[in-house]
Amino acid sequence: MTHDSRDFTPAASNWLVRAYYTPVSDALRGQLSARLDVRREIAAAGLPAPLSGLIYAVARRTRLWRSEKSDVARELIAHFADGLAAGRSAEELAKDFGSPQQAARLIRKAKLRNRSMWWQCLRIVTRLVLVVLTLSLVSYSILAARFYLGRPQLAHNYWHEINAARQVPEAQRAWPLYREALYKMGKEDEKWLDTHELAGGPGSKDWNTAAALIERHRDAMELIREGAKKRNFGYYLGDKVDREFAKRTDVQWVVSENMTLADENEDLILALIDGAVASRAVARKLTIDARIAAAQNDSARVLADLVALVSLAEQQFAPDATLVEQMIGMAIFSIAADSSGRVLADTPAVLTDDQLIALAHRMAAFRNGKPMVDFNSERLQFEDVLQRVYTDDGHGGGRITPEGLAKFMAYANEGSHFMTAFDPRSSHDLSTKISAHLIGPGVAVFIGTREENHDLYNSLMDEIIVAHKGPPWQWSRKILDANENRLKDAMTGIRNRGRYLFVGLLLPAVSGVFHARESMIQQREAAEAVVALELWRRRHGAWPAGLDALVPEYLPALPPDRVDGQPLRYVVRDGQPVLYSIGRNRRDDGGQPSINVYDAQSIQFGPPAPRWDASREPDGDWILWPPRKEKEEADD
């Protein structure tokens, strides 16, 4: 049996008492006080040393309160005193007592059971808190290990996939010709590109300057028209040939020498589409050249420029074209339709009947008569984001990684554009990076899996596309509302916004794309009707009383108003025809224009929303032809 064998004589006890009053710290003094209380009790009892040491060892091991230890000491003193009085030796009593450790445990349990109810409750609560803290620590450690050990795997190079879909024989590519033409022209004064400055014809302020520039760059304009004859635009994302061309020629206004290359497989969201941006400059040059050619009565050049504009717009709809490229293509087609309308309004005699018919046929053939929007590139871009921010379990699933959360934190905290947050060259605030790593394991729990974000993104995209099938006046309000409500539900609340984090950030405004397409179709059909009106006028010497007179000799059918499905509106006022849509307020105002040329243009097609109020929309119709004077538009 083991026990404390130190001497517990009165002399030793007195020494300990004197030591207690030496200048020691309060904390140490409190600890000594508890021990001295027990030692005093034991020393005062005068028991043999083996029993005194045993009593002290048991009392100390109980780890009870000071008063409770004193009670334990007194009870043991009484117990051993009775044994000595009965004639037993100290050694026998100590041997029969057993293990001090076991005795201390039994005594501690008994004493704890006798404590107050408040203490018992506090003990339970404390244990629960400790259990919760322990479990939380363990859980956080597991989450942290799971989070920090997760790494994205770049299994695909979507740059190459998109470029493979765009791949065409070199002889069919228009982009190299456009690029060379822009290089030959150089970075000239931009003012001559503004058609508003040429509104007054040969007498306009900048007319002579623009005409001189066009004349000086006639070879470059021929390159552009030659490019428009090609089957495809032929622009490749991250093409090293473009970067080498930029370095060799220093044409930063055409292509960038700092572009990310496809072979580098950086974030697809960083892909530059210099070709689409440059095509807008090409379109402006064609527009101005057509205006100047019309003033010079050069009908062949006018037709070539207008047809080239339509072809340029169509080239932007390459396989796997981005939405940006397709929207630019729509904008260029609108420029072509507007330019055709202005030529027929200002210089109607410049084009022959055959040339007008050829122009109308080219416009009608745009995108095979059915300009469908392709969202495949947007889907691939989303897949590329997912592979860079999530792990890959090989079955379409995965969890958010530190790299992915850091990108989102940079976007959310710095208020930057999403592609800036994804740019590895961007320098983000240190606190943002630290915060992302500190809260990452906890935040990652609330972010949906790779599969959840993938499935929601694609299902929403599919539903929106289906909801916009067919002509806009046949779109179902019920389906549109159900689609909007599902999207709203998916993005409402902190839980959902976190769960479908990347869907909320990257789902494009698909509905807006369809509205832009309908606007473009309306302008195309109006341009065809204007050609038919001009052909009628040439044959009959006056404008027809109604559009139905044009069917079927000049038009296969009456063009519909894309707002309500009724035939486009047409009136002859003061001897001049007016072709118009009921426009934004969905009310026929008799072909009266709005105060601002763009106010009445319809920006929303399909059935109106339940809370739509026509009284809040501006008065006036969307005048499709004749176009307003460009000076008036500039003033607006």
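The text that follows walks through the structure, step by step, so that each part is easy to find.

Overview of the overall build of the protein
Okay, so step 1: Along the backbone of the protein there are 26 helices and three strands.
Okay, so step 2: Every one of the 636 residues in the protein was classed for burial, and the buried ones make up 48%.
Okay, so step 3: For the protein, the proportion of contacts with a sequence separation of at least 24, taken over those separated by at least 6, is 73%.
Okay, so step 4: Of the accessible surface of the protein, which amounts to about 31,400 Å², a share of 55% is contributed by carbon and sulfur atoms.

Let's talk about the pairing of strand β2 (residues 576–581)
Okay, so step 1: In terms of burial, β2 is a largely internal element, five of the six residues being buried.
Okay, so step 2: One ladder, built from five bridges, connects strand β1 (residues 569–573) with β2; its direction is antiparallel. Residue pairing across strands places tyrosine 570 opposite leucine 579, the latter belonging to β2.
Okay, so step 3: Looking at chain direction, β2 and strand β3 (residues 622–625) are connected through three bridges and run antiparallel. The partner of leucine 579 across the bridge, within β3, is tryptophan 625.

Description of the sheet that holds β1
Pairing between the strands of a sheet comes from backbone hydrogen bonds, and it takes one of two forms, parallel or antiparallel.
Okay, so step 1: One open sheet accounts for three strands, arranged β1-β2-β3; its pairing is antiparallel. Each end of this open sheet is capped by a strand with a single partner; those strands are β1 and β3. The mean inter-strand angle of the sheet, taken between neighbouring strand axes irrespective of direction, is 40°.
Okay, so step 2: Contacts between helix α25 (residues 510–540) and the sheet are confined to β1, β2 and β3, with β3 contributing the most and set at about 45° to the helix.

Observations regarding the packing of aromatic side chains
Aromatic rings in a pair are described by how distant their centres are and how their planes are angled relative to each other.
Okay, so step 1: Taken as a whole, this structure holds 14 aromatic pairs when the rule is applied.
Okay, so step 2: Ring geometry for phenylalanine 382 versus tyrosine 457: centroids 3.9 Å apart, planes at 5°, classification stacked. Separated by 75 residues along the polypeptide, phenylalanine 382 in helix α17 (residues 376–389) and tyrosine 457 in helix α21 (residues 450–467) bring together distant segments of the chain. Take phenylalanine 382 and tyrosine 457: they sit in the same class, and that class is buried.
Okay, so step 3: Ring-pair connections join several aromatic residues into one group, and the members of that group are Trp175, Tyr178, Phe233 and Tyr235.
Okay, so step 4: Here the guanidinium or amino end of arginine 179 rests over the ring plane of phenylalanine 245, the centre of that ring lying 4.6 Å away.

Digging into empty space enclosed by the protein
Okay, so step 1: Counted according to the given criterion, the structure contains two cavities of 30 Å³ or more.
Okay, so step 2: Lining the largest cavity, in full, are Arg166, Asn232, Phe233, Gly234, Tyr235, Gln315, Gln316, Ala318, Ala321 and Glu325.
Okay, so step 3: Of the residues belonging to the lining of the largest cavity, the class tally is four nonpolar, four polar and two charged.
Okay, so step 4: Counted as a void, the second largest cavity has a volume near 40 Å³.
Okay, so step 5: Elements supplying a minimum of two residues to the lining of the second largest cavity: α13 (274–295) and α15 (323–346).
Okay, so step 6: Residues of the lining of the second largest cavity, tallied by class, amount to two nonpolar, two polar and two charged.

Observations regarding the side chain of aspartate 384
Okay, so step 1: The topology assignment puts aspartate 384 in helix α17.
Okay, so step 2: Looking at aspartate 384, its side chain comes within polar contact range of the side chain of glutamine 387, at 3.0 Å.
Okay, so step 3: When near neighbours in sequence (up to four residues on either side) are disregarded, aspartate 384 contacts Tyr158, Glu266, Asp267 and Leu268.

So, the pattern of salt bridges
Okay, so step 1: Evaluation of the coordinates by the stated rule reveals 41 salt bridges.
Okay, so step 2: Residue aspartate 588 pairs with arginine 569 through a salt bridge whose shortest N-O separation is 3.8 Å. With a gap of 19 residues between them, aspartate 588 in the loop between β2 and β3 and arginine 569 in strand β1 connect regions that are remote in the sequence.
Okay, so step 3: By relative accessible area, aspartate 588 is classed as partly exposed at 42%.

Details of helix α3 (residues 49–61)
Okay, so step 1: A rise of 1.5 Å per residue sets the reference length of α3, with its 13 residues, at 18 Å; its end C-alpha atoms lie 18 Å apart and thus fit the reference within 8%.
Okay, so step 2: For α3, the complete set of buried residues consists of Leu51, Ser52, Gly53, Leu54, Ile55, Tyr56, Ala57, Val58 and Ala59.
Okay, so step 3: Looking one or two residues beyond α3, the residue adopting positive phi is arginine 63, at roughly 55°.

Topic: the packing of helix α9 (residues 175–185) against helix α12 (residues 240–249)
If you want to describe how two helices pack, look at the angle between their axes and the distance between the axes.
Okay, so step 1: At a minimum axis distance of 12 Å, the contact between α9 and α12 shows a crossing angle of 15°. What the angle tells us is that α9 and α12 run roughly parallel. When the axes of α9 and α12 are compared, the crossing they make is right-handed. Contact with α9, carried on its side by Trp175, Arg179, Glu180 and Tyr183, involves Val241, Asp242, Phe245 and Thr249 of α12 and no other residues of that element.
Okay, so step 2: For the contact of α9 with α12, the per-class residue count stands at four nonpolar, one polar and three charged.

Digging into the packing of α13 against α15
Okay, so step 1: As a packed pair, α13 and α15 sit with axes 10 Å apart at the nearest point and diverge in direction by 5°. The angle between α13 and α15 places the two elements in the roughly parallel class. Side by side, α13 and α15 meet where Ala276, Val277, Ser279, Arg280, Ala283, Thr287 and Arg291 of the first sit next to Glu325, Ile328, Ala331, Ile332, Ile335, Ser339 and Arg342 of the second.
Okay, so step 2: Looking at the contact of α13 with α15 residue by residue, the class counts come to seven nonpolar, three polar and four charged.

A closer look at a nonpolar patch on the surface
Okay, so step 1: Residues Val125, Val129, Leu130 and Leu133 make up a contiguous nonpolar surface patch of about 360 Å² in total accessible area.
Okay, so step 2: If you trace the backbone, leucine 133 turns up in helix α7 (residues 117–148).
Okay, so step 3: Owing to a relative accessible area of 52%, leucine 133 belongs among the exposed residues under this scheme.

Some details on the environment of glutamine 576
Okay, so step 1: Relative to the elements of secondary structure, glutamine 576 occurs in strand β2.
Okay, so step 2: Glutamine 576 gets classed as partly exposed once you look at its relative accessible area, which sits at 48%.
Okay, so step 3: Linking glutamine 576 and alanine 542, residues 34 residues apart in sequence, is a C-alpha distance of 9.5 Å.
Okay, so step 4: The residues contacting glutamine 576, other than those within four sequence positions of it, are Trp543 and Val571.

Digging into unusual backbone geometry
Okay, so step 1: The peptide bond linking valine 551 to proline 552 adopts the cis configuration, its omega dihedral lying at 5°.
Okay, so step 2: Mapped onto the elements, proline 552 comes out in the loop between α25 and β1.
Okay, so step 3: In this chain, tryptophan 625 is followed by proline 626 through a cis amide linkage whose omega measures 5°.
Okay, so step 4: By the secondary structure assignment, proline 626 is in the loop between β3 and α26 (630–635).
Okay, so step 5: The phi torsion at arginine 63 lies on the positive side, around 55°, for a residue other than glycine.

Definitions and cut-offs
- Residues numbered from 1 in each chain as written.
- Predicted model: local features only at pLDDT ≥ 70, side-chain atom pairs only at ≥ 80, totals over all residues.
- Heavy atoms only, no water.
- Helix = DSSP H or I, 4+ residues; strand = E, 2+ residues; numbered from the N terminus.
- Buried < 20%, exposed > 50% of the residue type's maximum accessible area, 1.4 Å probe, protein only.
- Contact = heavy atoms within 4.5 Å.
- Areas by Shrake-Rupley, 256 points an atom, 1.4 Å probe, with all protein chains shown as cover.
- Pairing = 2+ DSSP bridges.
- Axes fitted to C-alpha atoms, helices over the stretch in contact; angles between N-to-C directions.
- Phe/Tyr/Trp six-rings, centres within 6.5 Å; stacked < 30°, edge-to-face > 60°.
- Lys NZ or Arg CZ within 6 Å of the ring centre and 35° of its normal.
- 1 Å grid on protein atoms, 1.4 Å probe; cavity = no way out; pocket = protein on both sides within 12 Å on 5 of 7 lines; lining within 4 Å.
- Points joined across faces, edges and corners; volume = space filled by probe spheres on them.
- Nonpolar A, V, L, I, M, F, W, Y, C, P; charged D, E, K, R; others polar.
- Polar contact = N/O pair within 3.5 Å; in protein donor to acceptor, adjacent residues only side chain to side chain.
- Salt bridge = Lys/Arg side-chain N within 4 Å of Asp/Glu carboxyl O.
- Expected span 1.5 Å × (residues − 1).
- Parallel < 35°, antiparallel > 145°, perpendicular 65-115°, else oblique.
- Left-handed = near helix turned anticlockwise from the far one by under 90°.
- Patch = residues over 30% accessible without salt bridge, like charges linked within 9 Å, V, L, I, M, F, W, Y side chains within 5 Å.

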